[in-house]
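Secondary and tertiary structure notes
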Amino acid sequence: MITLVNIISVKEIIKRKKSYEKRKRKRDNEFNNVRSRKNSNSSSKSSDLRLVVISNGVAILPCETPESSTGVQYNWSKGYVPVVTRSDGRIRITDEGHLVLKDTREEDSGIYVCKTTSNEEITEVNVTLIVLEPDSAPYFHNFTEPNATIQRTEGSSVSFQCPVRGHPMPGITWLKNGIHIDTADLDSTTEYMMWSITLNNLKVSDSGNYTCFIANTLGSVNATFNLLVTQKEKPAVINTTRPDLAVFHPLNTTVKYGSSATFQCRVRSEAPPNIQWLKKVEESEIPMLQQQHHDIIKVQEKIIKFSSHRSCREI
């Protein structure tokens, strides 16, 4: 099984390497074809810069600041798409208009354009950024391997993420219980992302150990997630019918003075009934019963006290 995983990973690595080389050629062509652009409706000027940084570093892309900074607008774009700053501070624009990229990565490479508008004058700075990725075996990035079983119920979803870095670009293979995952073998709906897998509409049969195996030509890493899918709890059945007393019950009983008497209260019910025994008393007996701390209730204007014998009443 390990041999199968290695073969699959190497094929994926070769495929990704070809894709990477194709993207690199395309990027180099873009770098060689950078031209200054002019706005026909206003005076403009442009300049070209080239910046090379190492991955996981910080890149500061300068933007030309006009002499008069009043009412200046800075607009950064990459490939004609506006650059969006991030709340975590990895991508931000300074007050001077410079673009700062932290924790640089290979996909940050490209042609950036800063357009400065001030007093109807437009200034453009074209910055070619190249992020060099040193060769390295795959390694996890911002990842904590789980040390406990992940529990889900039927019908829910779960995602396993294995974010890694490495150069050349690593390939990833997912396994369940040591066997390469085939979507046809899973009962749930499977979604694949770059470094993650999501299982939707889980079933009990989806329980097991899920492993991400990531490799390139320099090495490999792996992580295992233990998933336990349990059945949904069935809702409690509510008894909507009243219990019924069996025919001829309870029965009157006659015994000798001083002997014992037994009363039966037979009830038919879908759920276990709660049975209380009551005794009818006269008004004159109430003070004495209250002194003995008996519970006194009225049933249809009749005085009844709770007791462990005598008569039964179904609830």
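Residues numbered from 1 in each chain as written. Predicted model: local features only at pLDDT ≥ 70, side-chain atom pairs only at ≥ 80, totals over all residues. Heavy atoms only, no water.

- An unreviewed UniProt entry annotates the protein as Fibroblast growth factor receptor-like 1 originating from Caerostris darwini.
- UniProt, in the comment section headed Subcellular location (unreviewed entry), describes the protein in these words: "Membrane". (UniProt positions renumbered as here; feature names shortened; annotations may be inferred.)

As for the nonpolar core
- Judged by nonpolar contacts, the single largest core of 20 residues is most densely connected at Phe-160, Trp-174, Leu-199, Cys-212, Ile-214 and Leu-227.
- Element by element, the count of residues in this core is highest for strand S18 (residues 219-230), at 5 residues.
- Residues contacting Leu-227, with those up to four places away along its chain left out, are Ile-150, Arg-152, Val-158, Phe-160, Leu-199, Leu-202, Asp-206, Ser-207, Gly-208 and Tyr-210.
- Counting 17 residues, the second largest nonpolar core, distinct from the first, contains Trp-76, Leu-99, Val-125 and Val-131. (Core = buried A, V, L, I, M, F, W, Y, C linked by side-chain atoms within 4.5 Å. Buried < 20%, exposed > 50% of the residue type's maximum accessible area, 1.4 Å probe, protein only. Helix = DSSP H or I, 4+ residues; strand = E, 2+ residues; numbered from the N terminus. Contact = heavy atoms within 4.5 Å.)

Looking at unusual backbone geometry
- Cis geometry is adopted by the peptide bond preceding Pro-168, which originates at His-167 and carries an omega value of 0°.
- Relative to the assigned elements, Pro-168 resides in the loop between strand S12 (164-167) and strand S13 (171-176).
- One non-glycine residue, Asn-142, lies in positive phi territory at about 55°.
- Among the structural elements, Asn-142 can be located in the loop between strand S9 (136-140) and strand S10 (150-153).
- Residue classification places Asn-142 among the exposed residues on the basis of a relative accessible area of 71%.
- A positive phi angle, close to 55°, is found at Asn-177, a residue other than glycine.
- Tracing the sequence through the fold places Asn-177 in the loop between S13 and strand S14 (179-180).

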